[in-house]
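Fold and geometry: a report
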Amino acid sequence: MSGQGREQRSEGRARSGAPRGGEPGDPTEAERTYDVVVLGAGSTGENVADVVVRGGLSAVLVEPELVGGECSYWACMPSKTLLRGTEVLAEARAVDGAAQAVTGEQDVAATLARRDSFTSHWDDSGQVEWVHGAGIDLLRGTGRLDGERAVVVTADDGTTTRLTARHAVAVCTGSQAALPPVEGLADVDPWGPREATSAKEAPGRLLVLGGGYVGCEMATAWQALGSQVTLLQRGDRLLPGLEPQAGDAVAASLREAGVAVRLDTEVTAARRDGTEVVLTTADGEVRGDEVLVATGRAARTGEIGAETVGLEPGEYLSVDASLRVRGSSWLYGVGDVNGRRQLTHMGKYEARQAGAAIVARARGEEVDTSAWSPFVATADDVATPSVVFTSPQVASVGRTAAEAAEAGLPHRVVEYPLGNVSGAAIFADGYTGTAVAVVDTEREVLLGVTFVGPAVAELLHAATIAVVGEVPIARLWHAVPAYPTMSEIWLRLLETYRG
């Protein structure tokens, strides 16, 4: 399968097809040797294996759960399909003439069924078929490091296989939801992101702990699907890592949709009272039927044998620019497990860079670790794109104004209302949104861009190219936006900057 097909396989619907080998119970040798051993067959691990195999090396994926990982079954795909129906209805209702045709409400059962189709009903046989078709071996079981270049895999039936890597072991085990130290919280059977995206029905009252990406998206989704949602955020605004305009707009929209958004609220205890979840705050008790904890992530390194190679179990792996674990010549930490940028597309990007470095080193070639080389993940530091699929959407790339200031970079912030652009006005009656650009005033290039508004996700890649390419402001003047599209926001930002 081509690289393009591989991308579709990792993110889209799983194809039907029986797995071919690599399943528990298949005959296995007591010992196997590969050029590269990959722990974790999520989208990051799949990409590492794909790149090295296409580079002429042999590779095996080790996976104890579903091939395809979080993105395919519990994160990106199910969460965005849960949100899409709400988004479509909002867009239709925002256009006079179309709004009159929308006479019903969202079919919750159909929305959940569509979600299930995109996760292939949590069946990974299609992804397993791709793995084998790509020339990658698959070993089901839990893999643990066992000293230099060695991994021991224990299958569900207790049988073990020892793997030896000639060139590299790539740890792509990802991250998992972390519980904050709140008294009793672990005992109330809280939801994590997995439960929130795979629930079979909308809870009557859902309490959401945390106002980051997951908390805001799931509050948006389940409120629209019939739950009464209360979102509790410890800080003074939602989406704290983004521009303030983003968190303010999302909070206002959630409140308008009926979500009770409570900022500056710290939960100090949790308990079950019958079937109810009761959270204690300084302002009193908050009650619900389920509680989603979306306050952060932890590295999935506690059970991978990190101690056998001098690393601390449970900690993120510290890596260099080429994603190689510091102090090692053969161990790589790729994706969420290194704690750099915990986004699916960034894990896949890191996988491509790390895979290229592994292949080059295996060939005895020199690996250039300077910024923007084919072997390093420079975008992690200065050009990470992200989209929060709330209503409104928040699309951003690069540095925020606060990050530019912290880095001591000379900069200017330019802001323009998106609703004043003709394309946005046509897109929705009363369109409300904003665009924020952070400009390096010394080099005259963009450091970061943020868009807030309906359907702004599709504006993001142009901004990403401008930031990664360090396109001079003077040259951007010649990138003429088509009229009337929302992309005309680029012209308005440049005009505002020039004054």
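Not measured: the values here are computed from a predicted model.

The subject of this paragraph is the overall build of the protein chain. Across its full length, the protein chain holds 16 helices and 21 strands. In summary, the protein chain has a C-alpha radius of gyration of 24 Å against a globular reference of 23 Å for 499 residues, a match within 12%. If you line up the protein chain on its principal axes, its C-alpha atoms span 65 × 65 × 45 Å. Within the protein chain, contacts between residues at least 6 apart in sequence are counted, and of these 64% link residues at least 24 apart. As displayed, the protein chain has an accessible area near 21000 Å², and 50% of this comes from carbon and sulfur atoms. Between the centroid of the 43 positive side chains of the protein chain and the centroid of its 67 negative side chains there is a distance of 3 Å.

Here we come to unusual backbone geometry. Omega for the peptide link from Ser391 to Pro392 comes to 5 degrees, which places this bond in the cis form. Turning to its location among the elements, Pro392 is positioned in the loop between β17 (385-388) and β18 (393-398). In this chain, Tyr483 is followed by Pro484 through a cis amide linkage whose omega measures -5 degrees. Note on placement: Pro484 falls in the loop between α15 (473-476) and α16 (489-498). Notably, His121 is not glycine yet its phi reads approximately 55 degrees, a positive angle.

Once that is clear, we can look at the pattern of salt bridges. According to the stated counting rule, one finds 29 salt bridges in the structure shown. A salt bridge links Arg140 to Asp124; the nearest nitrogen and oxygen atoms lie 3.0 Å apart. Taken together, the positions of Arg140 in strand β3 (residues 137-140) and Asp124 in the loop between α5 (108-118) and α6 (125-133) put the pair 16 residues apart, joining distant regions of the chain. Like Asp124, Arg140 is buried. Where Asp289 meets Arg205, a salt bridge forms, and the shortest distance between an N and an O atom there is 3.1 Å. Taken as a pair, Asp289 in the loop between β13 (284-288) and β14 (290-293) and Arg205 in strand β8 (residues 205-209) lie far apart in primary sequence, 84 residues in all.

Time to look at the packing of helix α4 (residues 76-93) against helix α8 (residues 213-224). Axis separation between α4 and α8 bottoms out at 9 Å; the angle between their running directions is 55 degrees. Relative to α8, the element α4 lies oblique. At the point where α4 passes α8, the crossing takes the left-handed sense. The residues of α8 that touch α4, namely those facing Ser79, Lys80, Leu82, Leu83 and Thr86, are Glu217, Met218, Thr220, Ala221, Trp222 and Ala224. Across the contact of α4 with α8, the residue classes break down as six nonpolar, three polar and two charged.

Attention now goes to the sheet that holds β18. Spatially, the five strands line up as an open sheet ordered β17-β18-β21-β20-β19, and their pairing is antiparallel. The open sheet has two edge strands with one neighbour each: β17 and β19 (411-417). On average, each strand axis in the sheet is inclined to that of its neighbour by 10 degrees, with strand direction left out of account. In this sheet, strand β21 (residues 445-453) lies alongside strand β20 (residues 434-440) in antiparallel orientation, the contact comprising seven bridges.

Time to look at the packing of α4 against α5. Across the interface, α4 lies against α5 with an axial gap of 9 Å and an inter-helix angle of 150 degrees. By the criterion of interaxial angle, the relationship of α4 to α5 is roughly antiparallel. Crossing angle aside, the handedness with which α4 passes α5 is right-handed. When α4 is examined against α5, the residues Met77, Pro78, Thr81, Leu82 and Arg84 are found in contact with a partner set consisting of Thr111, Leu112, Arg114, Arg115 and Phe118. Broken down by class, the residue content of the contact of α4 with α5 amounts to five nonpolar, two polar and three charged.

Let us now look at the environment of Gly355. Position of Gly355 relative to the elements: it lies in helix α10 (residues 344-362). In this structure the C-alpha to C-alpha distance between Gly355 and Ala49, which are 306 residues apart in sequence, comes to 7.4 Å. Apart from the residues within four sequence positions on either side, Gly355 is in contact with Val51 and Val52.

Taken in spatial order, the four strands make up an open sheet running β10-β9-β8-β14, and their pairing is parallel. Among the strands making up the open sheet, the edge pair consists of β10 (260-262) and β14. Between one strand axis and the next, the sheet turns through 15 degrees on average, direction left out of account. Here β8 pairs with β14 via four bridges, running parallel. Opposite Leu207, over in β14, you have Val291 as the bridge partner.

Attention now goes to the pairing of β17. Side chains Pro385 and Val387 of β17 all project onto a buried face; the interleaved residues Ser386 and Val388 project onto the opposite face, where all are buried too. The pairing of β17 with β18 spans four bridges and is classified as antiparallel. When the bridges of β18 are listed, Val387 appears paired with Ala395.

Criteria and thresholds
- Residues numbered from 1 in each chain as written.
- Predicted model: local features only at pLDDT ≥ 70, side-chain atom pairs only at ≥ 80, totals over all residues.
- Heavy atoms only, no water.
- Helix = DSSP H or I, 4+ residues; strand = E, 2+ residues; numbered from the N terminus.
- Rg over C-alpha atoms; globule rule 2.2 N^0.38 Å.
- Contact = heavy atoms within 4.5 Å.
- Areas by Shrake-Rupley, 256 points an atom, 1.4 Å probe, with all protein chains shown as cover.
- Lys, Arg positive; Asp, Glu negative; His and termini not counted.
- Charge placed at Lys NZ, Arg CZ, Asp CG, Glu CD.
- Salt bridge = Lys/Arg side-chain N within 4 Å of Asp/Glu carboxyl O.
- Buried < 20%, exposed > 50% of the residue type's maximum accessible area, 1.4 Å probe, protein only.
- Axes fitted to C-alpha atoms, helices over the stretch in contact; angles between N-to-C directions.
- Parallel < 35°, antiparallel > 145°, perpendicular 65-115°, else oblique.
- Left-handed = near helix turned anticlockwise from the far one by under 90°.
- Nonpolar A, V, L, I, M, F, W, Y, C, P; charged D, E, K, R; others polar.
- Pairing = 2+ DSSP bridges.

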